[in-house]
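A closer look at the structure
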Amino acid sequence: MPYAEELLTSNKRYPHWSVEHRIRKRLRADATGLIRPMQVPRLQHAAIFYVLHPRKLNRSRDPANWAPTAKAYVDGLVTPNPDLPRRRHLLPDDDHEHLLGPNPLMGAPVETGFARMSLVIVELHGPLTRADGENVTGTGTSTYRN
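Every value quoted in this text rests on a predicted model; they were computed, and no experiment measured them.

**Quick notes on the environment of Phe114**
Here Phe114 lies in the loop between strand 2 (99-106) and strand 3 (116-123). Along the backbone, Phe114 and Glu5 are 109 residues apart, and their C-alpha atoms lie at a distance of 6.0 Å. Once you skip the residues sitting within four places of it in the chain, Phe114 turns out to touch Tyr3, Ala4, Glu5 and Arg55.

**Re the sheet that holds strand 1 (residues 46-53)**
Strand order in this open sheet of three strands is 2-1-3, and the pairing throughout is mixed. Edge positions in the open sheet fall to strand 2 and strand 3, since each of these has one partner strand only. Ignoring strand direction, the axes of neighbouring strands in this sheet form an average angle of 20 degrees. Bridging between strand 1 and strand 2 involves six bridges; their strand directions are parallel. Note that in strand 2 the partner of Phe49 across the bridge is Asn103. The sheet strands contacting helix 2 (residues 67-78) are strand 1, strand 2 and strand 3, and the helix crosses strand 3 at an angle near 50 degrees.

The rules behind each value
Residues numbered from 1 in each chain as written. Predicted model: local features only at pLDDT ≥ 70, side-chain atom pairs only at ≥ 80, totals over all residues. Heavy atoms only, no water. Helix = DSSP H or I, 4+ residues; strand = E, 2+ residues; numbered from the N terminus. Contact = heavy atoms within 4.5 Å. Pairing = 2+ DSSP bridges. Axes fitted to C-alpha atoms, helices over the stretch in contact; angles between N-to-C directions.

Interpretation in functional terms is not warranted from these geometric data alone.
This is how it looks when you write it as structure tokens:
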């Protein structure tokens with residue numbers, strides 16, 4: 001993803017909702033701006049992993065704290081134009097039927113600047129869940145059945 005000085009985190013508290021909204025809007029636009037020229041094919045099912053490359057500091061990191069940034073990027077990949085929510089690009093929808101993730105991974109620290117994030121998109125062949133509750137491994141046993 002493009003270099004961004006501001007990424008959204010679960011721990012950050014913004015003085016006003018509009019500040020967070022402005023950052024989210026920019027992250028979505030960054031993702032949309034990357035996917036258009038790359039001519040990424042439309043997928044039916046995918047898994048997305050986000051790799052956090054933190055600043056080089058001696059402390060533990062929790063890559064899941066950057067989930068709001070990953071969500072904004074995924075939103076920009078799936079729905080490039082928020083004013084036209086029915087026009088989709090990467091996937092038909094970012095719901096549980098089409099998308100597994102985004103799942104966090106920790107990457108190598110960056111030498112200079114702010115933290116960075118990479119997205120890894122993996123095409124899946126087949127739905128993630130089925131109407132009868134069968135899981136994608138085909139075993140027929142569901143971990144969540146009514």
